[in-house]
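Structure assessment
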Amino acid sequence: MSGMQVKRTPFFKVLVANRGEIALRIMRTARRLGYGVVAVYSDADRDALHVREADSAVRIGEALPAQSYLRIDAIIAAAKASGAGAVHPGYGFLAENEDFAQACRDAGLVFIGPSPEAIRAMGNKAGAKDIMQKAGVPIVPGYQGADQSDATMLAEARKIGVPVMIKAVAGGGGRGMRLVTDAAAFPDALRNARSEAQGAFGDPTIILERAIVNPRHIEIQVFGDRYGNAIHLGERDCSVQRRHQKLIEEAPSPKVTPELRARMGAVAVAAVKSIAYEGAGTLEFLLDPGGEFYFMEMNTRLQVEHPVTEAVTGLDLVELQLRIAAGEPLGLRQEDVKFSGHAIEVRLCSEDANHDFMPQSGTMALWQMPDGVRVEHALQSGSEIPPFYDSMIAKIISHGADRSEARGRLICGLEQTAAFGVTTNQEFLISCLRHTGFAKGEATTAFIGQHRDELLAPHANANAEAALAALLLYVTNPHAPPWRSGRSLAATFPLTMRIDLGHGVREVDIVRERDGGYAAAVDGSELRFEIDELGRDAIRFRTDGMMESARFLRDGDRLYVLHRGVTIAVRDLTLAAPVSAAAAGGDGKVRAAMNGRVVAVLVKPGEQVAVGQPVMTLEAMKMEHVHTAGVAGTVSSIDVAEGEQVTTGRIVVEIAVAQVA
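Note that the structure is a prediction, hence the values are computed from the model and not measured.

Details of the overall build of the chain
For the chain, the count of helices and strands is 16 helices and 39 strands. By the compact-globule yardstick of 26 Å for 661 residues, the chain fits well, its C-alpha radius of gyration being 27 Å. Projected onto the principal axes, the alpha-carbon positions of the chain cover approximately 90 × 65 × 55 Å. Relative to its 661 residues, the chain shows a buried fraction of 52%. Partitioning the contacts of the chain with sequence separation of at least 6, the portion at a separation of at least 24 is 62%. Of the roughly 27500 Å² that the chain leaves accessible, carbon and sulfur atoms contribute 50%. The positive charge centre, built from 70 side chains, and the negative charge centre, built from 81, are 3 Å apart in the chain.

Re the nonpolar core
Phe 11, Phe 223, Ile 248, Trp 367 and Leu 433 are the most contacted members of the largest nonpolar core, which totals 70 residues. In contact with Leu 433, other than residues within four places in its own chain, are Ile 248, Ile 344, Val 346, Arg 407, Leu 410, Ile 411, Leu 414 and Phe 438.

So, the sheet that holds strand 5 (residues 110-111)
A sheet is described by the order of its strands in space; here five strands give the open sequence 3-2-1-4-5, paired in parallel fashion. Because the sheet does not close on itself, it has two edges, and the strands there are strand 3 (56-61) and strand 5.

Some thoughts on the sheet that holds strand 25 (residues 505-512)
Strand order around the closed barrel formed by eight strands is 24-25-26-27-28-29-30-31, with antiparallel pairing between neighbours. Adjacent strand axes in the sheet meet at a mean angle of 35 degrees when their direction is disregarded. Taken together, the six bridges between strand 30 (residues 558-563) and strand 31 (residues 566-572) define a ladder with antiparallel strand orientation. For His 563, the partnering residue across the bridge sits in strand 31 and is Val 566.

Overview of the confidence of the model for the chain
As a general rule, the predicted coordinates of low-pLDDT regions are not to be interpreted in detail. Mean pLDDT for the chain: 90, with 94% of residues reaching 70 or above. For residues 579-585, every residue scores under 50 in pLDDT, and the model assigns this stretch six contacts once sequence neighbours within four places are set aside.

Quick look at the packing of aromatic side chains
Here the structure, examined in full by the defined rule, presents twelve aromatic pairs. Where Phe 11 meets Tyr 35, the ring centres are 4.9 Å apart and the plane angle is 20 degrees; that geometry is what we call stacked. With Phe 11 in the segment before strand 1 (13-16) and Tyr 35 in the loop between helix 1 (20-32) and strand 2 (36-42), this residue pair connects regions lying 24 residues apart in the sequence. A ring pair is formed by Phe 388 and Tyr 389, whose centres lie 5.9 Å apart and whose planes are at 65 degrees; its orientation type is edge-to-face. For Tyr 389, a relative accessible area of 1% translates into the label buried. Each residue in the set Tyr 69, Phe 93, Phe 388 and Tyr 389 is aromatic and connected to the rest through ring pairs, giving one cluster. Above the plane of the ring of Phe 339 lies Arg 261, whose end atom (NZ or CZ) is 5.9 Å from the centre. The ring of Phe 438 is capped by Arg 403, whose NZ or CZ atom sits 4.5 Å from the centre of that ring.

Comments concerning the packing of helix 7 (residues 150-160) against helix 8 (residues 186-201)
With their axes 11 Å apart at the nearest point, helix 7 and helix 8 run at an angle of 120 degrees to one another. Put simply, helix 7 runs oblique to helix 8. At the point where helix 7 passes helix 8, the crossing takes the right-handed sense. Residue-level inspection shows Asp 150, Met 153, Leu 154 and Ala 157 of helix 7 in contact with helix 8, the latter providing Phe 186, Leu 190 and Arg 194. Considered class by class, the residues forming the contact of helix 7 with helix 8 number five nonpolar, no polar and two charged.

Things to note about the pattern of salt bridges
Under the counting rule described, the total for this entry stands at 50 salt bridges. The partner of Arg 8 in a salt bridge is Glu 328, and the shortest N-O contact between them spans 4.0 Å. Taken together, the positions of Arg 8 in the segment before strand 1 and Glu 328 in the loop between helix 11 (317-325) and strand 15 (342-349) put the pair 320 residues apart, joining distant regions of the chain. Exposure remark for Arg 8: the relative accessible area of 56% places this residue in the exposed category. Arg 226 is the partner of Glu 278 in a salt bridge, and the nearest nitrogen-oxygen pair spans 4.0 Å. Note that Glu 278 is positioned in the loop between helix 9 (258-274) and strand 13 (279-287) and Arg 226 in the loop between strand 10 (216-224) and strand 11 (230-242), a separation of 52 residues in sequence. On the basis of relative accessible area, Glu 278 is assigned to the partly exposed category, the value being 25%. Residues joined in a network through salt bridges with shared partners are Arg 8, Arg 25, Arg 28, Arg 32, Glu 310, Asp 316, Glu 319, Arg 323, Glu 328, Arg 374 and Glu 376.

Re the pairing of strand 2
The element strand 2 is extensively covered by neighbouring structure, given that seven of its seven residues are classed as buried. Side-chain alternation along strand 2 places Gly 36, Val 38, Val 40 and Ser 42 on one buried face and Val 37, Ala 39 and Tyr 41 on a second face that is also buried. Examined bridge by bridge, strand 1 and strand 2 share four bridges and lie parallel to one another. By the bridge assignment for strand 2, Val 14 is matched with Val 37. Between the parallel pair strand 1 and strand 2, the chain is carried across by helix 1, and the sense of this crossover is right-handed.

Thresholds, definitions, all that
Residues numbered from 1 in each chain as written. Predicted model: local features only at pLDDT ≥ 70, side-chain atom pairs only at ≥ 80, totals over all residues. Heavy atoms only, no water. Helix = DSSP H or I, 4+ residues; strand = E, 2+ residues; numbered from the N terminus. Rg over C-alpha atoms; globule rule 2.2 N^0.38 Å. Buried < 20%, exposed > 50% of the residue type's maximum accessible area, 1.4 Å probe, protein only. Contact = heavy atoms within 4.5 Å. Areas by Shrake-Rupley, 256 points an atom, 1.4 Å probe, with all protein chains shown as cover. Lys, Arg positive; Asp, Glu negative; His and termini not counted. Charge placed at Lys NZ, Arg CZ, Asp CG, Glu CD. Core = buried A, V, L, I, M, F, W, Y, C linked by side-chain atoms within 4.5 Å. Pairing = 2+ DSSP bridges. Axes fitted to C-alpha atoms, helices over the stretch in contact; angles between N-to-C directions. pLDDT = per-residue confidence, 0-100. Phe/Tyr/Trp six-rings, centres within 6.5 Å; stacked < 30°, edge-to-face > 60°. Lys NZ or Arg CZ within 6 Å of the ring centre and 35° of its normal. Parallel < 35°, antiparallel > 145°, perpendicular 65-115°, else oblique. Left-handed = near helix turned anticlockwise from the far one by under 90°. Nonpolar A, V, L, I, M, F, W, Y, C, P; charged D, E, K, R; others polar. Salt bridge = Lys/Arg side-chain N within 4 Å of Asp/Glu carboxyl O. Right-handed = clockwise from strand over helix to strand, strands pointing away.

This is the structure:
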């Protein structure tokens with residue numbers, strides 16, 4: 001490196017063409033290196049934290065990504081108006097768009113990432129496979145031809161055989177991807193994948209791959225500079241996924257030996273050197289049970305899971321990106337890269353794991369993150385979770401001397417995480433981390449599918465949760481007499497409380513006893529509580545001789561409780577009218593299950609439909625969700641139009657119920 005001629009490209013202010021936690025993450029390092037930072041925002045993000053934290057911020061359009069964060073012209077104009085000399089795309093949106101990188105170059109802006117040529121070569125899955133195949137890298141058998149007709153796709157799928165994977169040629173994040181295990185389901189899966197790919201990336205082109213059964217998802221982090229230097233920073237194991245989107249990532253992989261790491265790393269470095277790659281990139285591989293690996297694709301950007309690599313190497317990957325973009329040489333040789341300990345990251349998402357991981361939006365009433373672990377987020381109490389973007393709202397990362405220590409610290413951190421107001425996958429993540437298969441390092445990409453029932457099993461202490469929730473509703477009632485420690489009252493008649501914990505209505509009898517304690521009877525069992533301390537948002541109590549504590553938030557007739565690492569959302573129905581048949585969905589009306597945009601109406605007025613038949617597709621948080629008929633009958637009304645934005649509970653299709661003779 002000593003004899004090279006350094007070609008610097010100075011810049012002094014960085015525009016971050018992204019939002020949320022990654023925008024804040026980039027700003028943090030940029031500021032440490034002395035750069036000014038500029039944010040961009042959509043109308044939905046006007047008051048977002050990344051906007052308020054930046055030195056300046058520029059509005060780039062309306063809420064939908066296509067009208068804001070995907071608008072190349074608006075982002076270039078924002079950079080010019082703000083005086084930024086460089087643009088960091090983060091991940092998602094335009095991060096792997098060669099037209100965006102080219103537009104930055106044409107505008108005289110430094111694109112903090114690889115060249116448009118490298119993005120074009122490696123960002124397209126089909127093109128990347130060709131390059132890899134010519135370089136002798138093993139690839140998964142499949143089809144990536146120009147003929148995209150249904151007939152050709154079906155013929156090629158038959159050649160490959162099931163299981164076959166349909167993948168969007170552009171983009172990532174599990175969008176435009178479908179696993180087909182039954183040949184008869186291929187046409188519908190192809191249509192859905194194309195539609196999702198068109199909506200997410202503006203490109204419906206599809207490739208096919210043979211699905212490798214029960215593989216591990218292993219990726220190699222690489223960096224290259226403009227002087228021909230390249231290194232790898234080891235692997236990440238991203239096998240725990242739902243809907244082909246990662247939920248848990250770790251470094252190193254429990255199943256990658258030093259020899260395999262060196263072999264995969266050498267392949268990755270040779271690949272990026274062959275295309276003169278600059279900046280951060282990740283090569284993704286499938287590792288089969290026999291130890292063979294196959295190239296899948298390359299992500300020509302920073303990854304969501306980059307913090308686990310930072311934790312085990314001690315390097316700041318955003319700093320490396322900024323230095324390389326400014327024209328500095330890597331300054332690291334492969335032998336300089338050292339690994340220490342183990343790191344695990346989980347993605348905290350606003351989604352309901354008990355309802356097929358359906359995205360959730362709304363107001364985060366209370367948001368408090370744990371100490372002792374790294375947390376990347378861009379929220380605070382009162383923040384809005386909009387329906388237009390990805391459901392990931394935070395990343396929680398632990399680092400330990402070994403995998404067991406890292407796993408324990410992460411479980412502890414998740415148990416202390418208070419996210420009230422919008423349903424998250426917090427409890428599901430804890431279940432995954434505690435599962436014996438994960439604890440032993442045995443999780444493959446089939447982990448969630450194989451263990452779904454166990455991971456989503458109802459709590460053994462459901463009665464105790466109901467009793468605690470009812471007690472808290474009782475003692476935090478704004479019209480109740482003030483609670484005082486040691487107060488002694490005569491026993492009162494029980495108050496029967498009707499509560500909804502999200503999986504059915506429960507009735508709990510609460511009695512205030514003579515000694516000041518409380519008895520809660522539910523489903524034939526009785527629990528006694530002694531309250532040691534009741535604060536505005538926390539309670540300390542004793543039950544069965546054990547002292548415990550819980551966090552809570554009372555919001556009208558709703559109560560949120562964090563107890564033993566589980567968040568309970570409960571609604572007080574004591575004074576509410578009984579639920580009607582219409583609200584329960586037995587009236588033939590199909591209601592939007594979340595805030596989102598109608599992308600396809602699949603039936604017509606007068607059409608006969610069967611129970612479970614798809615009637616409408618809604619897009620929320622960049623994923624498509626098919627809504628089905630709850631009853632058999634005739635479609636009497638279509639109440640929405642394609643492209644329309646709808647809110648949760650909105651009636652979208654009405655069905656006249658078939659009369660039974």
